[in-house]
Amino acid sequence: MTLQTCNLQHVLVPHLLLLVLLLLLQAWRGCCHPQCLDYKPPFEPRQPLAFCKEYSKFGCCDLEKDEEISVKFYTIMDNFDHSGYMACAQYIRSILCQECSPYAAHLYDAEDANTPMRMLPGLCGDYCSDYWRQCRYTLSLLLEDSGDPQQFANLTATLEEDRRRFCNFLELKDKQYCYPNVLTNSELNANLGLVREDPKGCLELCLQEVANGLRNPVAMIHANDGTHRFFVAEQLGYVWVYLANGSRIDRPFLNLTRAVLTSPWSGDERGFLCIALHPRITTVRKAYVYYSVSVKKEERIRISEFTLLTHDDNQLDHSSERTILEVVEPASNHNGGQLLFGHDGYLYIFIGDGGRAGDPFGKFGNSQNKSTLLGKVLRVDVDNNDDGAPYSIPSDNPFLREKEARPEIYAYGVRNMWRCSIDRGDPATGRGGGRMFCGDVGQNKYEEVDLIVKGGNYGWRAKEGFSCYDRKLCHNSTLDDILPIFAYPHKLGKSVTGGYIYRGCQMPNLNGLYIFGDFMSGRLMSLKENVTSGEWQYNEICMGRDQTCRFPKLINSYFKYVISFAEDEAGELYFLATGAPSATARAGVVYKIVDPSRRAAPGRCSVKPSPVKIKGKLIHFYPKEEFVINKKPTTTPVPTTTSTKTTKTPPRRKSPIIIIKPPMPTRKILRKIPQPSTTATTTRKTTLQTTRKTTMRKTSPPPTTPTLKATTTIKTTSATIKPPTIPTTDQMTMATTPATTSPTGRPTGAPVYQASSTDYSTTRSTIYTTTKSTVTANVKPNSTLVHTLLQGEATSIKPSYRTTVMTAAFSRIAQIPITTLPTRRHWRPFLYPFTTSQPLTSPPPPRSPHTTSLKLPQMALTSVRYSERPEALTTPRAPYWSQKPTASGYKPQRPPINTTLPKSHEVRLWLGEKLESAVEGNQVYKRPRGRGRGYKRGRGGRRLRVGSVRLVSVDGLSDRGRVEIFIRGEWGTVCDDLFTNKAGTVVCRQLGFTTVLAVMKRAAFGEADRSVRILLDDVECEGGERSLLECKRSRVGKHNCSHGEDVGVICG
């Protein structure tokens, strides 16, 4: 027994080790993926890059970004003599160009939104050591635009003389993805930019939720009129209009629920099945529908024509219905259900074989009988039919002159074609344009995809797929049937749903790929034509695993029952699915198909929808699925199949969908906002990663020159740069208590700014410094420190190069803008991997109850109460901080802050007045009407309108604070989920300001009391709304956040 056990162990252990190695390899392969710093896939620039040429074919930079990097490179190289240029130019260029690398997000540690982003790309160990030996003193020049002068000086003094610290700061421990190894890794670069495949060859794609809450969405079309609207039909008989921004008009485009024959039974094939708009909808103004109807207890298929209302392009005239065609259905299944207009302008109608199993009607079945319309593809002309017959027969229909054949027939021998499409053609060559693809549902064994041609016989019931079904008919020499381009057995799926060939712009990798699915198995599939052989290659489509779908708004799961496919006006592909195949279950969702491997170049696919006149109200779209960037990395990629999704509450999202990864900061994207003067500065014992101080001199400068100066005290073995400082209000509070940290380990309390240039980047508040002639306490390079640095380890670079670089570095400390970096959760602090055991500053002495005094060796300043001449004590704001323009040089002054507010007073300032309870609002928002409605008396007797806003802050400033909104008798807060500068602009304009300077998240102005309700969440504005209530948002009082996510703004 023991021997057998040992032998068994010898057999199992190698297999287990192999399995573990395979799992580790798979985990390694899925841990990283091509991604840019803007959280989007890489692309091929529209024009070749001139500077970072190695990324001209595929990367993260367009020509504008390439020129920006080039300018930065030559600005840095201006500090070099010839020997320094020859030694260091390649290092500087290579490091700067990594912003263009397709793996930029990984090199900058920007793939995970919850980790700090690196200041510079991660280097490999050997490359870093070589860089340190050759050009260590260039680090300060590379960091010049990336942080404030304190960090710049600290890093210069601390890192450049210590190779271990230098490389700890720059090295990326992942040896496969660090620079330059990432360029030479054959496995990483083998299929770079192509659609990612798993080990089984399954194409990994992602999805974006576009619409939800639908009852069996059976069809989706667009108007092709420049508005980029799309129309979604439900099996019950409703058709809804969706605008380009995702909002839905509350009035249905069409309501045939009283006429449509269907039931709530799962799998009922009857109902409203399709809609098609006339290709010249703007002039002809007609639509055609396909639905089941009961006439005197006889089930029929009806194709009807409707006309648009004269005064509303988003609604059909229900009284204008005109029956085009009716076909009696022998059974309740196999109803077909496709309408579409071909490139020839004719209307194509796809009708099933009449139902039951095996097409048992007549000698050969309905499909092979050309005297009936069942089991056929019809083609009719519906133009110029106002005064005559509802349709005419095209003169080239194939069976027009055949005796006993119906002239409407275009093709026959089909069983139950479900979802057909017409190829737009290759965007460049036009190849393939006009081809008609259909999915034909099989009987017992096979599902097939057919390419429809004029006069074609598709074999049913003689054949099913490539195999014989009725052997007697199958061997008939006169059958002359057309074989499908692809067929699959029922082990893959039992009900094909035809799809589209992708011809859009946003995902160039998918061009020419026919994407379809299966209703029963939920499987997504694709076919790619071999142009040479004419054969079609099959690949299954699966959802991206691990970090593949970690992009904004993307998901990697969907409901099982794939009902239909669609394309929008721009050619992007969608599919419609449900979790409960019932005509009454609100479990239907529309998904957009997204390739995360490559995107089109910025600006190539820009769409400007034409304006749409809206008669009804807009219902804004809110996704219910949890985004991958909020999920754990182990998100299952398989489709969700449970039907409980229709009744349970959507999963709570822990964080908003806000991209907090800024690109590498440059002079162009830094938003320089001078901070108002204060009388104190932060003193904190922390790591180098989160250290920053602000000092101010009590002086009387010229009115246009700020004197606010940021400094850093760093203790080294050779020298100490320690200018006198005065604590700020925040630092006074922190002086006696340890710095609080968030659950992620980051200090709390720092403001968070969001960039105005884009919703996905952040901005830094910048405080301008004065020149040496106007500042009385400048940071000057200590001569001992300079001497020590210049006496460092010998290198191969000439002294002239070292002197040039060090002189340039120290001369910039007192000249360049000082940038203070927030460190809150939604702002990405720069990464400093090492810490210092010495505190960077000394804690200030205790404060008196009413004044703040800090004694230093060189000076002592005291903050006093509000002065009659605040300009003598404070720094004037920059012009764009002034609320009212003035012709003189005088700038409004901010008085010093009283740092000793009683606790009760602080609470009142933060909370405002006491709030009442409120009822939940509705999703369709109506403005109050009538006298007195929507108003409440506020302080001073003024009336408050519903939607009024105010800013609440500890210091009581009117231009900044936590946003609170007045709705139905109470003040409440707004969550920062999806809140951008556009929403901030709406708030600031309500308060009389011109614009918003910064949006501050994660309760940067403090959390509201628990008694204060959160009234709004997921607020998305366009910028022109009159109040937040007019923006896209959740219902009043409905939210999935806490007061830790209260949003604030700074107006200007």
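A brief structural summary. Owing to the predicted nature of the structure, the values given are computational and were not obtained by experimental measurement.

Analysis parameters
- Residues numbered from 1 in each chain as written.
- Predicted model: local features only at pLDDT ≥ 70, side-chain atom pairs only at ≥ 80, totals over all residues.
- Heavy atoms only, no water.
- Core = buried A, V, L, I, M, F, W, Y, C linked by side-chain atoms within 4.5 Å.
- Buried < 20%, exposed > 50% of the residue type's maximum accessible area, 1.4 Å probe, protein only.
- Disulfide = S-S within 2.5 Å.
- Helix = DSSP H or I, 4+ residues; strand = E, 2+ residues; numbered from the N terminus.
- Pairing = 2+ DSSP bridges.
- Phe/Tyr/Trp six-rings, centres within 6.5 Å; stacked < 30°, edge-to-face > 60°.
- Lys NZ or Arg CZ within 6 Å of the ring centre and 35° of its normal.
- Contact = heavy atoms within 4.5 Å.
- Polar contact = N/O pair within 3.5 Å; in protein donor to acceptor, adjacent residues only side chain to side chain.

Soluble, globular proteins show a tendency: their nonpolar side chains are buried together. Of all hydrophobic cores here, the largest spans 67 residues; its most connected members are Phe-253, Phe-272 and Ile-349. The next biggest cluster of nonpolar side chains, apart from the first, holds 49 residues, and it includes Phe-51, Cys-52, Met-77 and Ala-87.

Counted under the stated rule, the structure contains 14 disulfides. With no disulfide partner, Cys-274 has as its closest neighbouring cysteine sulfur the one in Cys-420, 9.1 Å distant. Classification of Cys-274 as buried rests on a relative accessible area of 3%.

Turning our eyes to something else, we now look at the pairing of strand E40 (residues 960-967). In terms of burial, E40 is largely enclosed, as 8 of its 8 residues are buried. As paired strands, strand E39 (residues 949-952) and E40 are joined by 4 bridges and run antiparallel to one another. The residue of E40 that forms the bridge with Arg-950 is Glu-964. With 4 bridges connecting them, E40 and strand E41 (residues 970-974) associate as antiparallel partners.

Scanning the model with the defined rule gives 29 aromatic pairs in all. Its end group placed over the ring of Phe-51, Arg-93 keeps NZ or CZ at 5.4 Å from the ring centre. The positively charged end of Arg-415 is found above the aromatic ring belonging to Trp-460, 5.4 Å away from the centroid.

The next subject is the environment of Asp-1046. Structurally, Asp-1046 is set in the loop between strand E43 (1014-1016) and strand E44 (1048-1051). Separated by 72 residues in sequence, Asp-1046 and Val-974 have C-alpha atoms that sit 5.8 Å apart. Asp-1046 has contacts with Arg-962, Thr-973, Val-974, Met-1000, Lys-1001, Arg-1002, Ala-1003, Ala-1004, Gly-1006, Glu-1007 and Ala-1008, leaving out every residue within four places of it along the chain. Of the polar contacts made by the side chain of Asp-1046, one reaches the side chain of Thr-973; its length is 3.2 Å. Among the polar contacts made by the side chain of Asp-1046, one reaches the side chain of His-1043 at a distance of 3.0 Å.

So far we have only geometry, and geometry alone does not tell us how the molecule works.
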